[in-house]
Amino acid sequence: MIISIIFVKNVLAESSYRRDLPLMTLNQDTAKYLQENILAHKERFQNRSLNNILNELKLPVKSYIVSFGRKVGTIKGVSLIFENFHNASEKLHQHKSVHSLFVEFETPVSSAAAARLLKVSNGNWLTGESELYGPLIIKNITGPHGK
Amino acid sequence: MGAPYSSANINSNTVAIGHDHDASSFPQPSPYDIYSLGELAVSTNGQITMDYTVFASADYVLVVTDRNQFNTFLTNNPESNLEKDSGGNYTGDLDPNSNIGKDVQAIGQAAYNADPRAGTSNDKLAEIDANEASLVYLLSTYGTGITLLKKDSSGQYKAMHFSSSTVNGVNTYSSSPCN
């Protein structure tokens, strides 16, 4: 009997997680979408490649901000952003909110490699970014308030 | 003691603290250092207002020039904007999920991207300068009441200021000493 109850609970959690939200809803409530579909289930994405999140997201990643950390020569992760870099940075300069997910990699990336991509993309998420960062293993994912 | 610090209000009663960074770290003070010094200045009622950051390649001084302004900054941008690691310890950085963290890091990224040394054999120099630009941006545009001074080749400490420009549609950001 106990086994049956646990089984039912797991099925419900899986069902809720996989429910696709209409695109209109995604655009209107990005924070809620990211919380419910990624951050609340982040253990599903940890220790797996970034490609798993990129494939799961219903919102396309359009730009990113690298996090240099405190060590020169490496970046420890990227903030994934859902609007182009110019618009996002302009909003941030005006102290307006920009939705994002911060992904920390298991192994830091060479900043020189990151720089060569930035020279082409200017912070927008292009094919080169998917090729460099996509296969990297995720150590942790955080959102607003470090959740 | 006040003579070299022509850009800051230093007097004979000023007490300073100092610290260094390990060789693999950025030579500049971190966002955590800014918060720490500002809070120390407030808690000591201005007895401690300076923090030296000593490094092989460059020396910096953080100076609290306006404690009231720092308090306002702290109210608007509390310590929760500082990043902690999985063990609950401060990393030194701003939280990359906070708006202030994203803003400052976006400036650092843009400064790095605009630097022709980025991605070359001199990449680390570009990264260090970009970190300095983002730090000065944080200090100046967020009204921290704190100024960063850097020792020049003649041994004079000069206040750093942030500047931005757009050339052919590309934004560039840099920090440079006030003359």
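Residues numbered from 1 in each chain as written. Chains lettered and ligands numbered in written order. Predicted model: local features only at pLDDT ≥ 70, side-chain atom pairs only at ≥ 80, totals over all residues.

Attention now goes to the overall build of chain A. Scanning chain A for helices and strands turns up seven helices and four strands. In chain A, the order of α-helices and β-strands from amino to carboxyl end is α-α-α-α-β-β-α-β-α-α-β. Within chain A, contacts between residues at least 6 apart in sequence are counted, and of these 64% link residues at least 24 apart. (Helix = DSSP H or I, 4+ residues; strand = E, 2+ residues; numbered from the N terminus. Contact = placed C-beta atoms within 7 Å.)

Along chain B, the regular secondary structure elements total four helices and eight strands. Starting at the N terminus and ending at the C terminus, chain B contains elements arranged as β-α-β-β-α-β-β-α-α-β-β-β. For chain B, buried positions account for 45% of its 179 residues. For chain B, the share of sequence-separated contacts (at least 6 apart) that also reach a separation of at least 24 residues comes to 59%. (Buried ≥ 20, exposed ≤ 12 C-beta atoms within 10 Å, placed from the backbone.)

Core analysis: the largest hydrophobic core is formed by 68 residues, its most contacted members being V103 of chain A together with L62 of chain B. Top element by residues in this core is helix α4 (residues 123–141) of chain B. It accounts for eight residues. The contacts of V103 of chain A, once residues within four sequence positions are left out, are L50, G77, V78, L80, I138 and I141 of chain A. (Core = buried A, V, L, I, M, F, W, Y, C linked by C-beta atoms within 7 Å.)

Residues and elements named next belong to chain A. Judged by how many residues are buried, strand β2 (residues 74–81) sits mostly within the fold: seven of eight residues are covered. When strand β1 (residues 63–67) meets β2, the two strands line up antiparallel, connected through five bridges. Counted as the bridge partner of V66 is V78 from β2. Counted along the chain from β1 to the antiparallel partner β2, the turn is six residues long, and its residue G69 has a positive phi close to 70 degrees. (Pairing = 2+ DSSP bridges.)

All names here are of chain B. It is the contact of helix α3 (residues 99–114) with α4, at a shortest axis distance of 8 Å, that shows an interaxial angle of 140 degrees. One element, α3, and the other, α4, form an angle in the oblique class. Crossing of α3 over α4 shows right-handed handedness. Taken together, the residues of α4 that come into contact with α3 (itself represented by V104, Q105, I107, G108, A111 and Y112) are A126, E127, A130, N131, A133, S134, Y137 and L138. Grouping the constituent residues of the contact of α3 with α4 by class yields nine nonpolar, four polar and one charged. (Axes fitted to C-alpha atoms, helices over the stretch in contact; angles between N-to-C directions. Parallel < 35°, antiparallel > 145°, perpendicular 65-115°, else oblique. Left-handed = near helix turned anticlockwise from the far one by under 90°. Nonpolar A, V, L, I, M, F, W, Y, C, P; charged D, E, K, R; others polar.)

With that settled, the discussion passes to the environment of K96 of chain A. Of note, K96 of chain A is situated in the loop between α5 (85–93) and β3 (100–110). Taking the C-alpha atoms as reference, K96 of chain A lies 29 Å from K71 of chain A; in sequence the two are 25 residues apart.

The next thing to look at is the interface of chain A and chain B. With 31 residues of chain A at the interface, the matching set in chain B holds 28 residues. For the side of chain A that touches chain B, the elements supplying multiple residues, two or more each, are β1, α5, β3, α6 (111–121) and β4 (138–142) of chain A. Top contributing element to the side of chain A that touches chain B by residue count: α6 of chain A, with six residues. For the side of chain A that touches chain B, a count of residues per class yields eleven nonpolar, 16 polar and four charged.

Glancing now at the packing of helix α1 (residues 31–43) of chain B against helix α2 (residues 67–76) of chain B. Residues and elements named next belong to chain B. The interhelical angle for the contact between α1 and α2, taken along N-to-C directions, is 125 degrees, at an axis separation of 10 Å. As summarised for this structure, α1 and α2 are arranged oblique, according to the angle between their axes. Every pair of crossing elements has a handedness; the one defined by α1 and α2 is left-handed. Of α2, the residues touching α1 (which contributes G38, A41 and V42) are R67, F70, N71 and L74.

Residue and element names in this part refer to chain A. Residue-level pLDDT values for chain A average 84, and 79% of them are 70 or greater. Least confident of the elements in chain A is helix α1 (residues 2–18), whose mean pLDDT is 40; most confident is helix α7 (residues 127–133), at 97. Within the model, the stretch residues 1–19 combines pLDDT values under 50 with one contact to residues more than four positions away or in other chains. (pLDDT = per-residue confidence, 0-100.)

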